[in-house]
Structures are given as structure tokens and as C-alpha cells.
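Each chain is listed here by its residues.
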Amino acid sequence: MKNLEINYKIENVVNKVILAKNIENLLLKDLISLKSDKKILFIYDENINNRFIKNVIDNIKLSGGNILIQKVKGTKKNKSLKNLLHLFNLLLKNNFSKKSVIISCGGGVIGDLCGLLSSLYLRGTIYFHIPSTMTAVVDSCLGGKTGINYKDVINSLGNYHHPNRVYISEQILKNLPEREYLSGISEILKCGLIGNKKILSILKLKKNLILNRDFSILSNLILQTLKTKISFFLNDVKEDNKRLNLNFGHTFAHAIEMATDKIVKKDYFRHGEAVGIGILCEIILSNKNKDKDKVQLYKLASEILKSYHLPIKIELPNKISRRKVQNAIYKNIFLDKKRVSSNPRYIFLKKIGNPQIKEIDDLNSINEIIYGFLN
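Now for a quick tour of the structure. All chains use their own residue numbering, which begins from 1 and follows the written sequence. Residues qualify for local features only when their pLDDT is at least 70, as the model is predicted, and side-chain atom pairs are given and counted only at 80 or more; totals for whole chains, interfaces and linings, by contrast, use all residues. Working from all heavy atoms in the structure, the side-chain values ignore hydrogens and water.

## Section: the overall build of the chain
Under the convention used in this document: Here a helix means four or more residues in a row that DSSP labels H or I, a strand means two or more in a row labelled E, and each is numbered from the N terminus. Here the globule rule reads 2.2 Å times residues to the power 0.38, and the radius of gyration is calculated from C-alpha atoms. Any two residues whose heavy atoms approach within 4.5 Å are treated as being in contact. The protein chains shown are the only cover counted for residues, whose accessible areas, like all others here, come from Shrake-Rupley with a 1.4 Å probe. Here Asp and Glu are counted as negative and Lys and Arg as positive; His is not counted, and neither are the chain ends. For this purpose, a charge sits on NZ of Lys, CZ of Arg, CG of Asp or CD of Glu.
Assigned secondary structure in the chain consists of 16 helices and 11 strands. Over its C-alpha atoms the chain spans a radius of gyration of 20 Å, differing by no more than 12% from the 21 Å that the globule rule assigns to 375 residues. Across its three principal directions, the C-alpha atoms of the chain cover 65 × 45 × 40 Å. Of the contacts made within the chain by residues no fewer than 6 positions apart, 75% connect residues no fewer than 24 positions apart. Accessible surface computed for the chain: about 16900 Å², of which carbon and sulfur atoms make up 48%. Of the side chains in the chain, 61 bear a positive and 33 a negative charge, and the two mean positions are spaced by 2 Å.

## Some points on a positive patch on the surface
Here is the rule: The patches reported here contain residues having more than 30% relative accessible area and no salt bridge. Joining distances are 9 Å for like charges and 5 Å for nonpolar side chains (Val, Leu, Ile, Met, Phe, Trp, Tyr). Think of a salt bridge as a Lys or Arg side-chain nitrogen and an Asp or Glu carboxyl oxygen that are within 4 Å of each other.
The grouping of K35, K98, K99 and R123 at the surface amounts to a positive patch. You can see R123 is positioned in the loop between helix 4 (108-120) and strand 6 (126-131).

## What to know about the packing of aromatic side chains
Put simply, the rule reads: In this analysis, rings of Phe, Tyr and Trp, with Trp reduced to its six-membered ring, are considered paired at centre separations within 6.5 Å, and the interplanar angle assigns stacked below 30 degrees, edge-to-face beyond 60, and tilted for intermediate values. Exposure categories follow from relative accessible area, calculated using a 1.4 Å probe and restricted to protein chains: below 20% of the type maximum is buried, above 50% is exposed, and the middle band is partly exposed. As a reminder, the over-ring test applies to NZ of lysine and CZ of arginine, requiring each to be within 6 Å of the ring centre and within 35 degrees of the ring normal.
Enumeration over the complete set of coordinates arrives at 6 aromatic pairs. Here the aromatic rings of Y8 and F233 are separated by 5.6 Å at their centres, their planes lie at 80 degrees, and the arrangement is edge-to-face. Here Y8 is found in strand 1 (residues 4-10), whereas its partner F233 is found in helix 11 (residues 215-233), with 225 residues between them in sequence. Both residues of the pair, Y8 and F233, belong to the buried class. Its end group placed over the ring of F232, K242 keeps NZ or CZ at 5.4 Å from the ring centre. Directly above the ring of F348 sits K358, whose terminal nitrogen or CZ lies 3.8 Å from the centroid.

## Points about the pattern of salt bridges
One pass over the structure, following the stated rule, counts 16 salt bridges. With a shortest N-O distance of 3.5 Å, R165 and D30 are connected by a salt bridge. Highlighted residues: R165 in strand 9 (residues 165-169) and D30 in helix 1 (residues 24-33), separated in sequence by 135 residues. Exposure class is identical for R165 and D30. Each is buried. Taken together, the shared-partner salt bridges connect K76, E257, D261 and D267 into one network.

## Looking at the sheet that holds strand 3 (residues 39-45)
This is how it is decided: For two strands to count as paired, DSSP must find a minimum of two bridges between them. Interaxial angles span 0 to 180 degrees and are taken between N-to-C directions of axes, which are lines fitted to C-alpha atoms, for helices over the stretch in contact.
Taking strand neighbours across the sheet as the criterion, the 7 strands line up as 1-2-9-6-5-3-4 in an open arrangement whose pairing is mixed. A strand with exactly one partner marks an edge of an open sheet, and here the two such strands are strand 1 and strand 4 (66-72). For this sheet the average axis-to-axis angle between neighbouring strands, irrespective of direction, equals 15 degrees. Taken together, the 2 bridges between strand 6 and strand 9 define a ladder with parallel strand orientation. In the sheet register, F128 faces strand 9, and the bridge partner there is R165. Against the sheet, helix 3 (residues 81-93) makes contact with strand 3, strand 4 and strand 5 (101-106), and its axis sits at roughly 165 degrees relative to strand 4, the strand it touches most.

## Some remarks on a nonpolar patch on the surface
Among the surface-exposed residues, L81, L85, Y150 and L157 lie close enough to one another that they form a single nonpolar patch of about 320 Å² accessible area. Here L157 shows up in strand 8 (residues 153-157). Classification of L157 as partly exposed rests on a relative accessible area of 35%.

## Description of the packing of helix 1 against helix 2 (residues 50-62)
The relative placement of two packed helices is expressed as an angle between their axes plus a distance between the axes. Rule in force here: Roughly parallel here means an angle under 35 degrees, roughly antiparallel means over 145, roughly perpendicular means 65 to 115, and every remaining angle is called oblique. The handedness criterion is simple: a crossing whose near helix is rotated anticlockwise from the far helix by less than a right angle is left-handed, and one whose near helix is rotated clockwise is right-handed.
Where helix 1 contacts helix 2, the axes come no closer than 9 Å and their chain directions differ by 25 degrees. Put simply, helix 1 runs roughly parallel to helix 2. The chirality of how helix 1 crosses helix 2 is right-handed. Contact residues: E24, N25, L27, L28 and L31 in helix 1; F52, N55, V56, N59, I60 and L62 in helix 2.

## Digging into the packing of helix 8 (residues 185-195) against helix 11
Spelled out, the test is: Gly falls in the polar group here, along with every residue not listed as nonpolar (Ala, Val, Leu, Ile, Met, Phe, Trp, Tyr, Cys, Pro) or charged (Asp, Glu, Lys, Arg).
Their axes nearest at 10 Å, the elements helix 8 and helix 11 cross at an angle of 55 degrees. Here helix 8 is positioned oblique relative to helix 11, judged by the angle of their axes. Relative to helix 11, the crossing made by helix 8 is left-handed. Along the contact surface, helix 8 presents E187, I188, C191, I194 and G195, while helix 11 presents L221, T225, T228, K229 and F232. Of the residues belonging to the contact of helix 8 with helix 11, the class tally is 5 nonpolar, 3 polar and 2 charged.

## What about unusual backbone geometry?
With the exception of glycine, the majority of residues adopt a negative phi angle, and the majority of peptide bonds are in the trans configuration. The backbone of K38 sits at a positive phi, close to 70 degrees, despite the residue not being glycine. As for its placement among the helices and strands, K38 is situated in the loop between helix 1 and strand 3. We note that R213 has phi near 65 degrees; this positive angle belongs to a residue other than glycine. Here R213 shows up in the loop between helix 10 (207-211) and helix 11.

## Some words on the pairing of strand 3
When you tally the buried positions in strand 3, you get 6 out of 7 residues, the bulk of the element. Here strand 3 runs beside strand 4; their pairing, made up of 7 bridges, is parallel. Of the residues in strand 4, the one forming a bridge with Y44 is K71. When strand 3 meets strand 5, the two strands line up parallel, connected through 5 bridges. Among the inter-strand pairings, F42 is bridged to a residue of strand 5, identified as I103.

Any functional reading would require information that these geometric values do not contain.
In C-alpha cells:
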């Protein structure tokens, strides 16, 4: 199968996304042609297949670069100031320059951490990224958002820094654990609902091939999703307006993640799983006073989520207080970064392809919706 590419320009710099069966040789070619000082920091998630990582490292070494290797566990607790400063010290100790290269291989945690590192060190280094989770592949790998969690608030420290290259590997997609693979479907669904009906058609009509990870179908689905994302952020990188629509489902999703991480256990919900529930929450909020079973958009989204074995309710262990979780979710919604006044904002969606940014003016409805998904 022919390699697929997406090129997009930010501040006169052309950034490239490459989808391929074997990305290692492409990485090698790019490193050889790159005008760098040949110093490379390679940071990877220790959960990734060892053979794949070895192939990547071998190809980096073939480029003639001086390679420094760091292994990080891609869990939310490692998206921290402590880890960021540890990596900073490595760069300083080894005299990395602005022309040095940081290459990361991991999911959203590794990508956000390393993107922030690359953006801050000497105000910016060359940055390549290899996403290793489905959510990272279809969402966080491009758009330039970087960040770490601080004081238990997701992405409370961060900025924008776009990877020069993103390499999406069929090998990684084939080897993903089932739960990690499926959790990324919610971010694909999101792009279909806010801007690209073709994505919804692929999700419905090609379900079995997607579940079987057929790369010819999957790569087209990923391509459509990333192109949709680019259309929302290209002229609004810092989220002043249109890009905010890419947060559809996230006002509730981040609140659900933070609450369950703290009260139940870390990573109780994968990010994509929480996004799926958040999408349903925001559809209900957009259609207040209507029976949810009569809201066509809700039926469509919930049916797609169920068909990919994703949760459509906040199921909790019996020993966990639902009231406590509900109160925590409610409180966390007011920590959302989109908020510009006392009321939180969300993405209002009644019709496919027509998202709008709105404030939640009826605060009682927040609790009603959370209660409905907990019971």
C-alpha cells in the first residue's frame, strides 16, 4: 500500500504527517537530510513493543547522530513537572542546542510532555513524534497542544508547539491492546459529528474491517479525521474561536477523568472512553427538555460507541459512592480551560457539522446530566 501524507503550514513552517507500514526508514531519511547538530534525545513509552523500539533506535543510530535514550512510563502521573525538569536537565547536561532533535514515541502523555519540553528548551528545538496509542494517532499527535498536569488539574501548564514530523505506523496500530485501540474511536466519532459526515459513514459501514485493523480502511479513516482536525485549528491555533469546537465532549470528559482518577483509581477511564461519555453528555445538554431516546444525534452517537464496545454510562465499582463522584465531576467542570466567566462552556451540537461554543447557563442541568449517567 502506498504511503499517505498530510502537509500543513503553521507560521510558514511546513509540518508533515506520514502514514506508512514501516516508518523507521522514513525517519532515517528525514534525519539524514535534516540540518541539525546530530544530537538526538529519543524518549519512548516502556509499554511499546521492544522490537519496534529497537528498529527505531537502530535507524536513528544509522543517521550518524549522537543518541540519548530515555524510557518513560506513559501514565498520567508521569505527565508531571518532575519528569519535565528531569528531561530538561538531560538536555542541559549534554549541551543540546536549538538545532538538536527530540523524538518521542508514545501516547498523549509522552507527546504532551515531550512537545512541551521541545517548545521550552532554548525556546524551541526540532521535534518529531511517533504516536503509539489510537487516541494519539487520531487526535493529540497534531495540533501543537503540549502540557503537563499540575495540582491535579489536567494540562494546567502548557503551550503550543507543532511537531515537524508525525509518523503513524501500521505496526504500532496492529500491536495495540484492544482497549487502547478502541478508546481512540471516540475522537474519530467527535470529528465526524462536528465536521465530516464521511467519517460517520466509514465507522458504520466498515465496522468489522476497522475492528480487525485493516490498514487500508483504517489509514483512510485516520486521514479523514486528521484533515478534519486541521480544518478546525489551521487558522485558530491558540483556540480563540473555531478550534474550540474540537473540545466537543471534553468539558464533561476531563471532569469525569479527574474525578474517577482521584476517587476510584488512576486511569480508571481511558481518555477516549471518557470522551465518548462526554459527547453524549453534551448532546443531551444541547437538547434540554427532550427525551434522550428521541434525540436522533444521541441515538446515532450511542449506537456507534456501543458497536465499538465503548462505555455509554459511568459504571463504578459497588464500593464507590456515586454521590461523591457526582459532586467531584460537577466541581471539575468549573475547572475547564474553555471557561471565560463564572459559567463553564461546552460545545452545543444539535445538528451534524454545526457545532457552537456556548456557556452552560442552567447549572442545575449539569447535575441532572451527571446523575443520569451514573444511575
